[in-house]
Amino acid sequence: MILVLRALGVGDLVTAVPALRALRAAYPDHELVLAAPAGLAPLVDLVGGVDELVDTAGLDGPLRPGRAPAVAVNLHGRGPQSHRLLAAARPGRLVAYANADAGFADGPRWADEEHEVDRWCRLLSWYDIPTDRRDLGLRRPEVAGLPVGATLLHPGSNVPAKRWPAERFAALARALRERGHRVLVTGSADERALAERVAGAAGLPPDAVLAGRTDLGALAALVADARLVVSGDTGVAHLATAYGTASVVLFGPVPPAVWGPPPDRPRHRALWAGAGDWPRWDGVGSHPTLAALRLDEVLAAVDEVERVVRVSGAVTA
């Protein structure tokens with residue numbers, strides 16, 4: 001058995017897809033067990049190749065894979081806590097970044113500013129496991145009865161600092177409707193009030209609010225068949241990358257060089273105003289680097305990615 005730890009959220013799972021696929025290819029005769037939150041099960045099914053999901057949220061542990069793994073792989077972090085959690089499962093071998101505090105000298109050194117996809121591909125490559133950082137695609141969900149060709153606005157984030165102001169999302173929704181977009185507002189159940197505020201200010205009908213009404217499988221299906229996704233630096237942005245759906249991702253305070261879409265994919269546009277000097281943030285509302293993004297900048301980025309979609313469609317037609 002190969003035990004992989006990635007006890008985090010949606011974006012974390014999607015950015016680990018190339019590494020998970022590499023492990024599947026490297027150990028074709030072993031069971032691949034992923035330790036991650038049970039709520040991610042619909043997305044794990046879309047990754048493919050994972051034989052079992054062990055419900056693991058955070059690092060409180062212990063892991064209960066049922067038996068000692070032949071190899072344990074830390075795709076969660078630098079350690080030491082994540083290293084110790086995997087070591088307690090008594091694996092035959094641990095694949096992880098070097099961490100002196102965990103008493104683990106093997107593995108490459110951690111790099112803080114590395115892109116999240118590259119981070120885990122580099123780890124596996126150090127252990128002579130070939131990876132392809134471009135292998136980000138997910139299988140398309142088989143979910144019927146959902147809107148096709150809609151523009152999805154996702155104003156929420158688990159990190160409030162990463163939320164573009166709600167009134168600007170509302171203004172964006174109004175502008176896109178005037179351009180002929182069917183606008184829907186997505187989010188989790190906890191973000192429903194925010195989604196309703198955006199939709200109400202934009203003059204959208206109540207049924208345009210899908211926040212809290214879709215599980216992850218349905219959300220993935222919506223993204224896969226959407227015309228456009230506009231969101232902050234959160235999981236739905238990574239779903240748009242996985243499905244090649246045109247997207248505009250609003251970053252702050254973390255730069256897109258760490259979590260953004262691949263720069264060689266022109267259907268995805270990352271906006272960030274992080275370069276330069278900014279006033280001290282008081283910890284309330286959007287981070288200044290995100291609040292600095294203007295509506296006209298976002299609309300210009302929408303024009304750019306939609307132009308790419310039109311041109312690529314004309315080329316392949």
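Residues numbered from 1 in each chain as written. Predicted model: local features only at pLDDT ≥ 70, side-chain atom pairs only at ≥ 80, totals over all residues. Heavy atoms only, no water.

Trainee: Now, about the overall build of the protein: what can you tell me, with residues and values included?
Mentor: When its secondary structure is counted, the protein shows twelve helices and ten strands. In terms of overall size, the protein behaves like a compact globule, its C-alpha atoms giving a radius of gyration of 20 Å where 317 residues would be expected to give roughly 20 Å. Judged by the C-alpha coordinates and their principal axes, the protein covers about 60 × 45 × 40 Å. Buried positions account for 54% of the 317 residues belonging to the protein. Considering only contacts within the protein whose residues lie at least 6 apart along the sequence, 59% involve residues at least 24 apart. Taken as two groups, the 34 positive and 36 negative side-chain charges of the protein have centres that lie 2 Å from each other. (Helix = DSSP H or I, 4+ residues; strand = E, 2+ residues; numbered from the N terminus. Rg over C-alpha atoms; globule rule 2.2 N^0.38 Å. Buried < 20%, exposed > 50% of the residue type's maximum accessible area, 1.4 Å probe, protein only. Contact = heavy atoms within 4.5 Å. Lys, Arg positive; Asp, Glu negative; His and termini not counted. Charge placed at Lys NZ, Arg CZ, Asp CG, Glu CD.)

Trainee: Tell me about the sheet that holds strand S2 (residues 32–36), and name the residues and values.
Mentor: As summarised here, the arrangement of the five strands in space is S3-S2-S1-S4-S5, forming an open sheet in which the pairing is parallel. A strand with exactly one partner marks an edge of an open sheet, and here the two such strands are strand S3 (52–55) and strand S5 (93–95). Averaged over all pairs of adjacent strands, the angle between their axes in this sheet comes to 20 degrees, without regard to strand direction. Against the sheet, helix H2 (residues 17–26) makes contact with strand S1 (2–5), S2 and strand S4 (71–74), and its axis sits at roughly 155 degrees relative to S2, the strand it touches most. (Pairing = 2+ DSSP bridges. Axes fitted to C-alpha atoms, helices over the stretch in contact; angles between N-to-C directions.)

Trainee: Which residues make up the side chain of Thr241, and what values go with them?
Mentor: Mapped onto the elements of the fold, Thr241 is located in helix H9 (residues 235–243). With a relative accessible area of 7%, Thr241 lands in the buried category. If sequence neighbours within four positions are ignored, Thr241 has contacts with Leu136, Pro261, Pro262, Arg265 and His268.

Trainee: If you had to explain the pattern of salt bridges to someone new, which residues and values would you point to?
Mentor: For the structure shown, the criterion picks out 17 salt bridges. For the salt bridge of Glu116 with Arg119, the shortest nitrogen-to-oxygen distance reads 3.2 Å. Of this pair, Glu116 and Arg119 are both found in helix H5 (residues 116–126), three residues apart, which corresponds to roughly one turn of the helix. For the residue pair Glu116 and Arg119, the accessibility class agrees, reading buried in each case. Close ionic contact of Arg227 with Glu306 constitutes a salt bridge, the shortest N to O distance being 2.8 Å. (Salt bridge = Lys/Arg side-chain N within 4 Å of Asp/Glu carboxyl O.)

Trainee: I'd like to hear about unusual backbone geometry, residue by residue, with values.
Mentor: Pro80 follows Gly79 through a cis peptide bond whose omega is 10 degrees. In this fold, Pro80 is placed in the loop between S4 and helix H4 (81–87). A cis geometry characterises the amide bond from Gly252 onward to Pro253, with omega recorded as 0 degrees. Relative to the assigned elements, Pro253 resides in the loop between strand S9 (247–251) and helix H10 (256–259). For Arg90, which is not glycine, the phi torsion reads 60 degrees and is therefore positive. One can find Arg90 in the loop between H4 and S5. In this model, Asp128 sits at a positive phi of 65 degrees, which is unusual for a non-glycine residue.

Trainee: Give me the lowdown on the packing of helix H8 (residues 216–224) against H9, citing residues and values where you can.
Mentor: The N-to-C vectors of H8 and H9 enclose an angle of 55 degrees; their axes lie 9 Å apart at closest approach. Classified by the interaxial angle, the pair formed by H8 and H9 is oblique. Crossing of H8 over H9 shows right-handed handedness. Of the residues in H9, those in contact with Leu219, Ala220, Val223 and Ala224 of H8 are Val236, Leu239, Ala240 and Tyr243. Looking at the contact of H8 with H9, its residues break down into eight nonpolar, no polar and no charged. (Parallel < 35°, antiparallel > 145°, perpendicular 65-115°, else oblique. Left-handed = near helix turned anticlockwise from the far one by under 90°. Nonpolar A, V, L, I, M, F, W, Y, C, P; charged D, E, K, R; others polar.)

Trainee: Break down the packing of aromatic side chains for me, citing the residues and quoting the values.
Mentor: Considering all chains together, one arrives at five aromatic pairs under this definition. With centroids separated by 6.0 Å and ring planes inclined at 65 degrees, the aromatic side chains of Tyr97 and Trp120 adopt a geometry described as edge-to-face. Placement of the pair is Tyr97 in the loop between S5 and H5 and Trp120 in helix H5, with a sequence separation of 23 residues. The pair formed by Tyr97 and Trp120 is uniform in burial state, with each residue classed as buried. (Phe/Tyr/Trp six-rings, centres within 6.5 Å; stacked < 30°, edge-to-face > 60°.)

Trainee: Can you explain the sheet that holds strand S10 (residues 268–272)? Please cite residues and give values.
Mentor: An order of S7-S6-S8-S9-S10 is seen for the five strands of this open sheet, with the pairing classed as parallel. Among the strands making up the open sheet, the edge pair consists of strand S7 (183–185) and S10. Between one strand axis and the next, the sheet turns through 15 degrees on average, direction left out of account. One ladder, built from five bridges, connects S9 with S10; its direction is parallel. Bridge pairing links Val248 to Arg269 in S10. Relative to strand S8 (residues 228–232), H9 is tilted by about 145 degrees, and along the sheet it contacts strand S6 (151–154), S8, S9 and S10.

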